[in-house]
Amino acid sequence: MQAAGPHWKLQLIELEELRRDAYDSVCLYKDWTKAFHDKHILPKTFLLDQKVWLFNSKLQLFPGKLRSRWDGPFIVTSVSPHGAAELRDPMDGTLFKVNGQRLKPCI
């Protein structure tokens, strides 16, 4: 028992170092993937009372030959600084908030 104590303690310290190295490498990888993802996000600005199209993400499989993935047009009522937009449906007047990345301007 006397001789095994220091060896066991050394093994625990090595295991803790391996865990710390794995944690650091995971943090580096997450930072890299976040930077890669954020680099491809294009900033979009919308004005009040602008007409926009909303991406319909529910049409994943077999949307139909002529079915568009864009719904609308909707009217922008407010835009928050972090990118969310509040839209108004011109047909029935309902208000709802969506992510600004799901919108594109109506031409």
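Right above here is the structure, for reference.
Quick caveat, the model's predicted, so the values are computed rather than measured. (Residues numbered from 1 in each chain as written. Predicted model: local features only at pLDDT ≥ 70, side-chain atom pairs only at ≥ 80, totals over all residues. Heavy atoms only, no water.)

Section: the overall build of the chain
At step 1: For the chain, the count of helices and strands is 1 helix and 5 strands.
At step 2: Counting from the amino terminus, the chain carries its helices and strands in the arrangement α-β-β-β-β-β.
At step 3: The C-alpha radius of gyration computed for the chain amounts to 26 Å, which surpasses the reference 13 Å derived for 107 residues by more than 25%, pointing to a less compact arrangement than a globule.
At step 4: By its C-alpha atoms, the chain is 80 × 35 × 25 Å across when sized along the principal axes.
At step 5: For the chain, buried positions account for 15% of its 107 residues.
At step 6: The contacts of the chain with a sequence gap of at least 6 include a subset with a gap of at least 24, amounting to 43%.
At step 7: Put simply, the chain shows about 9,100 Å² of open surface, and 63% of that area lies on carbon and sulfur atoms.
At step 8: Taking the 16 positively charged and 12 negatively charged side chains of the chain as two groups, their mean positions are separated by 9 Å. (Helix = DSSP H or I, 4+ residues; strand = E, 2+ residues; numbered from the N terminus. Rg over C-alpha atoms; globule rule 2.2 N^0.38 Å. Buried < 20%, exposed > 50% of the residue type's maximum accessible area, 1.4 Å probe, protein only. Contact = heavy atoms within 4.5 Å. Areas by Shrake-Rupley, 256 points an atom, 1.4 Å probe, with all protein chains shown as cover. Lys, Arg positive; Asp, Glu negative; His and termini not counted. Charge placed at Lys NZ, Arg CZ, Asp CG, Glu CD.)

What about the nonpolar core?
At step 1: In this structure, Phe46, Val52, Leu54, Phe74, Val76, Ala85, Leu87, Val98 and Leu103 together form the largest nonpolar core, which totals 9 residues.
At step 2: Contributions of two or more residues to this core are made by β1 (51–55), β2 (70–79) and β3 (84–88).
At step 3: Filtering out sequence-adjacent residues up to four positions away, Val76 remains in contact with Phe46, Leu47, Leu48, Asp49, Gln50, Val52, Glu86 and Leu87. (Core = buried A, V, L, I, M, F, W, Y, C linked by side-chain atoms within 4.5 Å.)

As for the sheet that holds β1
At step 1: Sheet architecture is open: 5 strands sit in the order β4-β3-β2-β1-β5, paired in antiparallel fashion. The two strands at the open ends of the sheet, each matched to only one other strand, are β4 (95–99) and β5 (103–105). Going across the sheet, the axis of each strand differs from the next one's by a mean of 50°, ignoring polarity.
At step 2: Both β1 and β2 contribute to a ladder of 4 bridges, which runs antiparallel. (Pairing = 2+ DSSP bridges. Axes fitted to C-alpha atoms, helices over the stretch in contact; angles between N-to-C directions.)

Here we look at the packing of aromatic side chains
At step 1: Counting across every chain of the model gives 4 aromatic pairs.
At step 2: Ring geometry for Phe55 versus Trp70: centroids 5.2 Å apart, planes at 70°, classification edge-to-face. Of the two residues, Phe55 is situated in strand β1 and Trp70 in strand β2; the sequence distance between them amounts to 15 residues.
At step 3: With relative accessibility at 25%, the residue Phe55 sits in the partly exposed group.
At step 4: Looking at Trp70, the relative accessible area reads 28%, which means it is partly exposed.
At step 5: Taking the centre distance of 5.4 Å and the plane angle of 90° together, the rings of Phe74 and Phe96 count as edge-to-face. Here Phe74 is found in strand β2, whereas its partner Phe96 is found in strand β4, with 22 residues between them in sequence.
At step 6: Chaining the aromatic ring pairs together yields one cluster made of Tyr29, Trp32 and Phe36. (Phe/Tyr/Trp six-rings, centres within 6.5 Å; stacked < 30°, edge-to-face > 60°.)

This is a description of form; function is not addressed.
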